[in-house]
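# Structure assessment
Now for the letters of each chain:
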Amino acid sequence: MVLPLGAQGDDDPIIAEARGATITLSQWNAHLEASPRLSAVTDLSPEQARSMVERELLGLLGRQIDLREIEERGLENLSETDVRVAAAERSLLAQWARREGLAGEIEISEEALEEALEERSDELNVPPAVRFQQIYLSLRGLSEEEAEAKRELAEEIDAQLGEDPSRFGELMESHSDSEIRDPSVILGPINPEQTHEAVVEVLWSLEEGEVSRSLETPYGIHFFKLNGFVDRSLNPSQARIQVRADLVREATEARIEEIVANPGALDLQLPPPPETLAEDTVIVGGTVEVTGADLALLRGFDLANPPDSETLAAMISETQEEAALATLARVHGWDQDPQIAEAVESARDRTLIQVLWEQRLEEDQPITDELVRSTYEENIDACAQPRRVLVREIELRPARHAESGQSFALLDVLEQAEALCERLAAGEDFGDIARERSTSDDVEADLEPHWVYPHGIDSARFGALAEAATGEISEPIQLPDGFLIAEVLGVEENIHAPLEHVEGSIRHRLLRTRQRRVGNAWNEAIQQEAVFHIPDDVILRHTAPTEEEIPASPEESL
């Protein structure tokens, strides 16, 4: 019996094929079940739905073709491939162990939860945020005579508001030095920790709709109108959920530290970071083996020129933790869970496909030593270790307008930054001021010395720091959403890296460029060769019903 093209019997027809690879209807349905994102798409036009289904089928065909070629080439048996596949599996199992495995085993008693709720009551029952308007009279850079004139104006505004508080918007529009003078704009919500203590004392003491008397701060003179409070406290149910999750997370991290500190129970050896790294240096030993050569392969560096000791130690620590958690996952049988087993299998396939593509690219046009050298010589400036600046930082960011999402400052943020610079110039401790005034989510992390480079997200900072001398405090540096003050702890000048130090990264860049070119051509060829036999119900599953298909309501059918 000869089946027509696209058929595999009535029960499981082939719906897509190319180069000997086939996708059946049952395989497609299994793919849908494993892809909630794809299954949820049900509102497309028939043309859009067909296009989406064909794209997905092309991806499945390409994966089949790749895996068949991997088997034909014997890539699964290469030692380097084994290292990379094992690393992908360890990473996934470690994530599972951290997120689901260990966390799922940790039980928080009601006594511990109640005790934590009581201990953290101050964190949970935080003061409300406020929405407000202000009239701001700047005293910045004024002479004594000009400042006195401003104070006289403040007295007049004070008197007028005392007689008629409803004139606040009118006086704000005509006299405020703030960029925000529109009486229809309400600032906030802002929290007490985001502003000056003198402002907190006044603003949080007002009733809704009440107008304050004049307040002079180091930034100028202010009048506030309170437009409302925003409760930030969690209700009892929310507080219990949050604190329980915090306790589970803390207990999980503590358990991980115990596991890594006692690897013998898992038949692992986790030696301390070595002073020098060689090919046979043991990073992880015992039931799992990871050497210096493995680490260099996985992290993409040359053993002859390893990263600095701090970075290398972090790499080793992360690799050892992953090995311990992955081993724990296997000991507990978590890797038998269908979800994680499927994820591990997918990670394995992705790694093998990556190895395949590296071979394909080398075969397309080998990346020779001569090509690497010419690329290096033509782009030698790109191979320089850039000038970099070692800093600690204080961030100052404005409050957010809750409704529109626009950023507004409670006070002129630049003036706040300049006032802090004056305090630092007078000898106050940088760390103390940062802890008092920074709006960063992680002040202690910002106070850790770190390098700023002339590229990426650091470019705005670097431009203002490039000429600074060691020990100097920067002028306020404007960021897209605030200002930054930096303490410069050191500067390193540009140094051109020798070819042997950057050869690996140059090869990687050349491979990536080739991958895009060859990959696009390969995908186009598969697309031209593919034959589809997609049933109508597969397309209709992702389309929105037409008006004719929408059932009439009971009233309309009567």
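Everything quoted here is computed from the prediction, not taken from an experiment.

### Structural notes on helix α16 (residues 430-437)
Where α16 is concerned, the buried positions are Phe430, Gly431, Ile433, Ala434 and Arg437. The buried residues of α16 occupy one face: seen down the axis, they fall within an arc of 165°. For α16, the elements touching its buried residues are β11 (388-396), α15 (413-425), α17 (443-447) and β16 (482-492). Near the N-terminus of α16, the side chain that reaches the backbone nitrogen of Gly431, with its oxygen 3.0 Å away, is that of Asp429.

### So, helix α13 (residues 338-364)
Residue pairs three or four apart in sequence face the same way in an α-helix, which turns once every 3.6 residues. Between its first and last C-alpha atoms α13 spans 39 Å; for 27 residues at 1.5 Å apiece the expected length is 39 Å, and the two agree. Within α13, the full set of buried residues consists of Ile340, Val344, Ala347, Asp349, Thr351, Leu352, Ile353, Val355, Leu356, Trp357, Arg360 and Leu361.

### Some points on a negative patch on the surface
A contiguous patch of negative charge on the surface is contributed by Glu144, Glu148, Glu152, Glu155 and Glu156. Position of Glu148 relative to the elements: it lies in helix α7 (residues 144-163). Exposure remark for Glu148: the relative accessible area of 40% places this residue in the partly exposed category.

### A look at the sheet that holds strand β5 (residues 215-217)
Strand order in the open sheet made by the four strands is β4-β3-β6-β5, with antiparallel pairing throughout. The open sheet has two edge strands, β4 (187-190) and β5, and neither has a second partner. Mean inter-strand twist for the sheet, computed between neighbouring axes without regard to direction, equals 45°. As paired strands, β5 and strand β6 (residues 220-230) are joined by three bridges and run antiparallel to one another. Of the residues in β6, the one forming a bridge with Glu216 is Ile221.

### Concerning the side chain of Ser176
Of note, Ser176 is situated in the loop between α8 (168-175) and β4. Side-chain polar atoms of Ser176 contact the backbone nitrogen of Tyr136, separated by 3.1 Å. Among residues more than four places away in sequence, those in contact with Ser176 are Gln134, Ile135, Tyr136, Leu171 and Arg181.

Reading the values: rules and limits
- Residues numbered from 1 in each chain as written.
- Predicted model: local features only at pLDDT ≥ 70, side-chain atom pairs only at ≥ 80, totals over all residues.
- Heavy atoms only, no water.
- Buried < 20%, exposed > 50% of the residue type's maximum accessible area, 1.4 Å probe, protein only.
- Helix = DSSP H or I, 4+ residues; strand = E, 2+ residues; numbered from the N terminus.
- Arc of directions from axis to C-beta.
- Contact = heavy atoms within 4.5 Å.
- Polar contact = N/O pair within 3.5 Å; in protein donor to acceptor, adjacent residues only side chain to side chain.
- Expected span 1.5 Å × (residues − 1).
- Patch = residues over 30% accessible without salt bridge, like charges linked within 9 Å, V, L, I, M, F, W, Y side chains within 5 Å.
- Areas by Shrake-Rupley, 256 points an atom, 1.4 Å probe, with all protein chains shown as cover.
- Salt bridge = Lys/Arg side-chain N within 4 Å of Asp/Glu carboxyl O.
- Lys, Arg positive; Asp, Glu negative; His and termini not counted.
- Charge placed at Lys NZ, Arg CZ, Asp CG, Glu CD.
- Pairing = 2+ DSSP bridges.
- Axes fitted to C-alpha atoms, helices over the stretch in contact; angles between N-to-C directions.

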